[in-house]
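Analysis of the macromolecular model
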Amino acid sequence: MNVAFKGPWPALAESDALLMDVARRIQLSKTKHDTAVQNFNALCKHVDREGSPLHGKVRECYPSGSFATGTAIASRVRKDQHDVDVVIELDIASDSSPSKTLGTLFEAINGEPGSQYHGKVALKSRCVTVEYADGTTVDLMPVARVPGPVRVGNLFHHKPEASEEYHKPVNPWGFADEFNRRVELDPSFANLFKGRRLLVEGAMAIKADTQPMPDHVPPEEKSPRVVALQLLKRNRDIAFRATDHRGFRKPPSVALNAMALDAGPVKAGLLDEVIAIAGYIRTRLMETNGPRGTVQVFNPAYYPVDEFTDRWPEDLRAQKLYDTDLRRLIVALYRLRNDNLSNAEKLELLKSLFGETAANYAIESNYDSRRAEMEAGQMHVSPTGRVAGVAAPAVIGTLSTPVRAATREGGRYFNDVD
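Residues numbered from 1 in each chain as written. Predicted model: local features only at pLDDT ≥ 70, side-chain atom pairs only at ≥ 80, totals over all residues. Heavy atoms only, no water.

**Overview of unusual backbone geometry**
With an omega of -5°, the peptide bond between Tyr303 and Pro304 qualifies as cis. In this structure, Pro313 follows Trp312 across a cis peptide bond, with omega equal to -10°. Position of Pro313 relative to the elements: it lies in the loop between helix 9 (270-284) and helix 10 (316-338). With a phi angle near 65°, Arg151 is a residue other than glycine that sits in the positive phi range. Inspection of the secondary structure assignment puts Arg151 in the loop between strand 5 (137-145) and strand 6 (153-159). A positive phi is found at Ser163, a non-glycine position, where the angle reads about 55°. Mapped onto the secondary structure, Ser163 falls in the loop between strand 6 and strand 7 (164-170). In this structure Ser163 comes out as exposed when scored by relative accessible area, which is 70%. (Helix = DSSP H or I, 4+ residues; strand = E, 2+ residues; numbered from the N terminus. Buried < 20%, exposed > 50% of the residue type's maximum accessible area, 1.4 Å probe, protein only.)

Shown next as structure tokens:
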């Protein structure tokens with residue numbers, strides 16, 4: 001089922017405008033995105049270089065996770081940090097030793113003392129992580145193909161402190177393809193978001209130093225479901241910085257993306273879309289039929305073999321913790337839309353949901369854009385004294401055309417590496 005709103009989008013409410021501004025601020029800048037592509041290409045070539053223990057063994061190398069679905073956000077907004085997940089398909093037996101496979105990949109990347117990546121590499125239970133000087137990371141997950149659907153393979157899990165070692169069938173390529181086919185770009189949403197961007201950029205032209213770098217793919221070129229998922233992920237990241245969340249795993253982005261595919265038609269407003277996805281995930285979190293008494297989410301492209309919730313939630317307590325986070329998010333968004341909040345109250349609410357940097361940017365953008373609208377005579381004050389929002393240009397509802405969720409973020413793969 002394709003996920004797209006089929007009617008005209010209404011006039012842009014202030015609450016939607018604020019969420020659009022938050023969404024714009026948490027995007028990766030073009031510079032950082034280009035750097036991610038360069039790092040990705042360099043690492044894939046480095047693993048397959050002459051002298052590497054995996055030379056001639058790399059079949060394919062492609063991004064997975066958020067970069068493959070266009071839902072990537074800055075993990076640290078102020079520093080514009082980001083994380084990249086990479087699948088590296090190796091021409092090895094699918095039942096190869098997990099500890100040996102991961103160890104060999106570690107050696108291949110770490111290299112000799114004094115080489116490019118030496119000392120910047122960490123061995124994890126399912127991947128090898130490279131951390132750069134700016135704090136951004138690339139996780140390279142080795143897989144070996146097995147018979148079945150296109151690009152199905154075994155990942156290698158080895159956690160010696162827990163005496164865990166096994167193979168897990170996965171299909172990250174298949175999920176990215178499924179997600180991008182089912183999530184649609186809505187032209188009406190694009191026009192509203194673009195109009196908001198032009199208004200904010202025009203109003204803040206004299207404050208250029210306060211704006212984030214231009215996006216490689218502007219939010220208006222993404223599906224509204226993708227933008228809502230980015231806001232949901234940002235809220236999750238903020239929630240899991242709290243002390244009462246320590247020791248718990250974060251809900252994996254891929255599980256959130258998979259559940260969002262079944263959240264019904266896209267709503268006629270960004271705030272309502274976030275609420276709809278959060279509400280649907282909460283209904284899923286009522287399920288306790290998994291082996292640990294918790295919800296189970298599977299890869300729709302490799303059902304029911306590839307489970308996205310094999311490590312989260314760890315138990316029912318972890319499941320209820322995230323349910324509480326989503327309930328707080330929904331309540332706060334209803335307040336943002338329905339209550340007559342002061343700017344200070346809006347700022348504090350947005351800070352609690354999305355962090356200080358994104359909240360400050362949204363409030364400042366909203367203030368400057370409203371001032372510009374009033375100066376242009378486009379705003380009206382109601383008899384109650386509240387400022388009425390400006391209607392967006394009329395947009396005739398059209399049938400949406402399916403597109404990849406991130407048409408210029410590499411889509412299913414980054415360019416030049418297949």
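**Quick look at the packing of aromatic side chains**
Tallying each qualifying case throughout the model produces four aromatic pairs. A centroid spacing of 5.1 Å and a plane angle of 80° characterise the contact between Phe175 and Phe308, whose relative ring orientation is edge-to-face. Of the two residues, Phe175 sits in helix 5 (residues 172-182) while Phe308 sits in the loop between helix 9 and helix 10, which places them 133 residues apart along the sequence. Across the pair, exposure class does not vary: Phe175 and Phe308 are buried alike. (Phe/Tyr/Trp six-rings, centres within 6.5 Å; stacked < 30°, edge-to-face > 60°.)

**Considering helix 8 (residues 253-260)**
With seven of its eight residues buried, helix 8 lies for the most part within the structure. All of the buried residues along helix 8 are Ser253, Ala255, Leu256, Asn257, Ala258, Met259 and Ala260. If you follow the buried residues of helix 8, they end up packed against helix 3 (65-69), helix 5, helix 7 (224-239), helix 9 and helix 10. (Contact = heavy atoms within 4.5 Å.)

**With respect to the environment of Ala358**
In this structure, Ala358 sits in helix 12 (residues 356-375). Residue Ala358 is classed as buried on the basis of its relative accessible area, which comes to 0%. Along the sequence, Ala358 and Ile26 sit 332 residues apart, while their C-alpha atoms lie 6.7 Å from each other. Apart from the residues lying within four places of it in its own chain, the contact partners of Ala358 are Val22, Arg25 and Ile26.

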